[in-house]
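Examining the three-dimensional arrangement
Take a look at the letters that make up each chain.
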Amino acid sequence: MIWLYRILFPLAALISAPHYLHRMLKRGGYGKNVWMRLGLWPKLPPKKPGTRRIWIQAVSVGEVVSISPLLEELATEESIEVVLSCTTSTGLHVAQRQHRENIIALGPFPIDWLPFSFRGWERIQPDLVAMVDSELWPEHMEQARKRNVPIVILNARLSDRTFSRLGKLRLLRSIVLPKHIQVFAASERQAERWKTVGIATEKIKITGNLKLDAEPKPPQTKEATELLKKEFGFPETDLVLAGISTWPGEEQALVEAFIAARAENLPVRLLIIPRHAERKQEIADGFARRQNLAIHFRSNGNQAPSNNAVYIGDTTGELGSLIRVADIAFVGKTLPPNAGGQNPIEPAARAIPLLFGPNYQNFQEVCEGLLALGAAIEVGNQEQLEEQVIQLLGDAEARRKIGQAARQWKQTHSGASGRTLEGLIETLK
């Protein structure tokens, strides 16, 4: 079956090239170290006697952040060294900034085709490979099989779409789900999904959600928050409504909620952090008709004019820093027609009261857990969003209770990094 993949891969790559080239040009940064994407990694230092090498692949920023505590714990293990690869330029940027001293090498993941993957393997020579979330690269796993190298899926979870696709593959499923992979599932529900698509029970460990161990950085301090609000051009005494990882249509819904809150004489400013920074012009065009709103894009300079109304965080890798000012946050890709949902864990860890729409399928267990504890509020449409924004902005005690519940939920579900580390050490024996 792997030979079928090897034949079809270049054909599929050629057909999809215009789409992906357009995305890469818009986001930028993909030209750097392009030879490493072709498997031409620099020669790594030889392994010390008794040392084992783990190659971890994390697609982008979210995956890099989720494994941060794990990387820090691995760095304390003298007999283990880590090579980290990422797919996106933004993921590489964050990894370089946060983890360079915890790993021996960092670079882009080789294109998953025989010539490139083989070269990458020859240069990295891992003793174990780990992929974060639901990374399933057939050639990468075939190279591991040939070398008898264990494969582990960390924080393993299957979205509804991926789960459905794997269920339909049938005969081709063995290409993306070889028998020798191990799955460290993010939850019991996810473990059941992996069993359903064909992973043997003895190959599955429930280690928990790694994203719940990542502590917010930088820390939340009153002084830092005040400085950031000043940078945004927001008055110190005003409240901040934040849109986190927003998608098309959601920015406009937040603007309407913001204007409705102002009509109620509530002292509020608006922070929007779009999921894709390259949507800057689209967002700007949407605001054009609101000529009475003072708007500042962070990409035009961090400092906004005083008494600014709306701040757009259209830069990459700064979400964790920017949301420190938020008093209420809406989680994006959840309001119809958008679907799937973005990660609510980081704002919950900062005890920010959360709102999200009904379409949070990608983080169903997390969102349901938050709702059950009263740590978040679900809104069905734009009108309900406006109602809840107005209600929460006018009720400091409600905001405090929801924020405390969010922090309690996060603390209750932590510990996945330690369990994952134990599983990796056991696999290396």
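I will try to describe carefully the structure that is included in this document.

Conventions and cut-offs
Residues numbered from 1 in each chain as written. Predicted model: local features only at pLDDT ≥ 70, side-chain atom pairs only at ≥ 80, totals over all residues. Heavy atoms only, no water. Pairing = 2+ DSSP bridges. Helix = DSSP H or I, 4+ residues; strand = E, 2+ residues; numbered from the N terminus. Axes fitted to C-alpha atoms, helices over the stretch in contact; angles between N-to-C directions. Contact = heavy atoms within 4.5 Å. Patch = residues over 30% accessible without salt bridge, like charges linked within 9 Å, V, L, I, M, F, W, Y side chains within 5 Å. Areas by Shrake-Rupley, 256 points an atom, 1.4 Å probe, with all protein chains shown as cover. Salt bridge = Lys/Arg side-chain N within 4 Å of Asp/Glu carboxyl O. Buried < 20%, exposed > 50% of the residue type's maximum accessible area, 1.4 Å probe, protein only. Core = buried A, V, L, I, M, F, W, Y, C linked by side-chain atoms within 4.5 Å.

Thoughts on the sheet that holds strand S4 (residues 128-132)
Strand-to-strand pairing in sheets goes through backbone hydrogen bonds, with the strands running parallel or antiparallel. Spatial ordering of the open sheet is given by S3-S2-S1-S4-S5-S6-S7, a layout of 7 strands whose pairing is parallel. In this open sheet, the two strands that pair with only one neighbour each are strand S3 (105-108) and strand S7 (204-206). Across this sheet, the average inter-strand angle for adjacent strands is 20°, counted without regard to direction. Across 4 bridges, the pairing between S4 and strand S5 (residues 151-156) is parallel. Across the sheet, residue Val129 finds its bridge partner in S5, namely Ile151. Running over the sheet, helix H7 (residues 138-146) touches strand S1 (52-58), S4, S5 and strand S6 (181-185) and is turned about 160° from S4.

Side note on a nonpolar patch on the surface
On the surface, a nonpolar cluster with roughly 620 Å² of combined accessible area is contributed by Met1, Leu4, Ile7, Leu8, Leu11, Leu169 and Leu172. At 4 residues, the largest contribution of residues to the nonpolar patch is made by helix H1 (residues 2-27). Looking at the secondary structure, you find Leu169 in helix H8 (residues 160-169).

Concerning the sheet that holds strand S8 (residues 239-246)
Spatially, the 7 strands line up as an open sheet ordered S10-S11-S9-S8-S12-S13-S14, and their pairing is parallel. Two strands in the sheet have a free side with no partner beyond their single neighbour: strand S10 (295-297) and strand S14 (376-378). For this sheet, the mean angle separating the axes of adjacent strands, direction not counted, is 20°. Here 3 bridges tie strand S12 (residues 328-331) to strand S13 (residues 354-356), and the two strands are oriented parallel to one another. Residue Phe330 lies in a different strand from S13, and its bridge partner there is Leu355. Of the strands in this sheet, S8, strand S9 (268-274), strand S11 (310-312) and S12 touch helix H12 (residues 250-263), which is tilted by about 175° from S9.

A closer look at the pattern of salt bridges
Here the idea is simple: oppositely charged side chains can pair when their charged atoms come close. Taken as a whole and assessed by the stated rule, the structure comprises 18 salt bridges. We note a salt bridge from Asp133 to Lys211, for which the minimum N-O separation is 3.2 Å. Taken together, the positions of Asp133 in the loop between S4 and H7 and Lys211 in the loop between S7 and helix H11 (222-231) put the pair 78 residues apart, joining distant regions of the chain. By relative accessible area, which is 5% here, Asp133 ends up buried.

Observations regarding the nonpolar core
Counting residues in hydrophobic clusters, the biggest one holds 33 residues, and the most contacted among them are Phe232, Leu271, Leu354 and Leu370. When residues of this core are traced back to their parent elements, those giving at least two are S8, S9, helix H14 (319-322), S12, helix H15 (345-349), S13, helix H16 (364-372) and helix H18 (396-412). If sequence neighbours within four positions are ignored, Leu370 has contacts with Pro344, Ala348, Leu354, Ala375, Ala376, Ala406 and Trp409. Judged by nonpolar contacts, the second largest core, of 30 residues, contains Phe109, Met131, Ile151 and Trp194.

Remember that the coordinates give geometry; whether it matters functionally is a separate question.
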